[in-house]
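# What the coordinates show
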Amino acid sequence: MPSTIVTLKLNGAERELIARPSTTLLTALRETFGLMGAKRGCAQGGCGSCTVLLDGRPVVSCLIPVVTVDGSAVETIEGLADGDRLSDVQQAFVDLFATQCGFCTPGMIMSATALLNRKPDPTRQEVTEAICGNVCRCTGYEPIISAVLTAAERRRGARLEPAEAEV
Ligand code: FES
Ligand code: FES
C-alpha cells in the first residue's frame, strides 16, 4: 500500500506527516516529530511506557497504525507543562518521589492525567485501575498512587473559590 498523508492535532498544533501503513503512532511521534517522551518498551502493548492521549483517552501508541488516527487529537507528555511550569500531575510525581529510572513515568503520567480529567475525585482503587496497564519495575507503585491522589486533591483545592478555600 502507498504512503498516506496523515494530519494530527499534536499537543494542540496541526501537524502532518507522510506515513506507511505499518508506521505506528509511537514511531511517528518519536521519529517524525522528535517527541521522545513516549517510550518504546515492549512494542507489544504490554508495558504502557508508550501511553499517550488519543482524543483524550489513554492508548498504547506502539499498537496503533498512525494512518488509522488521521484527524485525531494526540497529547503527549511534552504537551503537559506550560513552559517551565509542570502540570499538577507532573509536579506531584516530583514532590512524592514517584519516579526512579523514569522509563515508565511519561506513560504513567498520561494515564493519570486522563483519569483526573475524567474523574477529579478518584478512589485509590480507581487510581490503581487507571495505571494497571503501566508497568513500573522500580517504585513498587505506592509513591505513584500517592502522587496521583495528591494531584487530584490539589486540583480540587485549586478549583475552590479563594473565600471557600479559606474556610
Ligand atoms: S511499548 Fe507500547 S505497550 Fe510497551
Ligand atoms: S521508575 Fe523505573 S520503571 Fe518506573
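Residues numbered from 1 in each chain as written. Chains lettered and ligands numbered in written order. Predicted model: local features only at pLDDT ≥ 70, side-chain atom pairs only at ≥ 80, totals over all residues. Heavy atoms only, no water.

## Comments concerning the layout of surface pockets
Taken as a whole, the largest pocket encloses approximately 190 Å³ of empty space. Along its surface, the largest pocket is lined by 16 residues, and Pro58, Ser111, Ala114, Arg118 and Ala130 are the ones closest to its centre. Counting only elements with at least two residues in the lining of the largest pocket, the list comes to strand S4 (57-60), helix H3 (105-118) and helix H4 (124-130). Within the lining of the largest pocket, the residues separate by chemical class into seven nonpolar, six polar and three charged. (1 Å grid on protein atoms, 1.4 Å probe; cavity = no way out; pocket = protein on both sides within 12 Å on 5 of 7 lines; lining within 4 Å. Points joined across faces, edges and corners; volume = space filled by probe spheres on them. Helix = DSSP H or I, 4+ residues; strand = E, 2+ residues; numbered from the N terminus. Nonpolar A, V, L, I, M, F, W, Y, C, P; charged D, E, K, R; others polar.)

## Notes on unusual backbone geometry
Even without a glycine there, the phi angle at Ala43 is positive, about 60°. Topologically, Ala43 is positioned in the loop between helix H1 (25-32) and strand S3 (51-54). Judged by its relative accessible area of 40%, Ala43 falls in the partly exposed class. Even without glycine at this site, Phe97 takes up a positive phi of about 55°. Counting through the fold element by element, Phe97 comes out in the loop between helix H2 (88-95) and H3. On the accessibility criterion, Phe97 (68% relative accessible area) is exposed. (Buried < 20%, exposed > 50% of the residue type's maximum accessible area, 1.4 Å probe, protein only.)

## Regarding the pairing of S3
Burial along S3 is two-sided: Thr51 and Leu53 facing one way and Val52 and Leu54 facing the other are all buried. Counted along the chain from S3 to the antiparallel partner S4, the turn is two residues long, and its residue Asp55 has a positive phi close to 50°. As paired elements, S3 and strand S5 (residues 73-75) share two bridges and run antiparallel to each other. Considered in S5, the bridge of Leu54 is made with Val74. (Pairing = 2+ DSSP bridges.)

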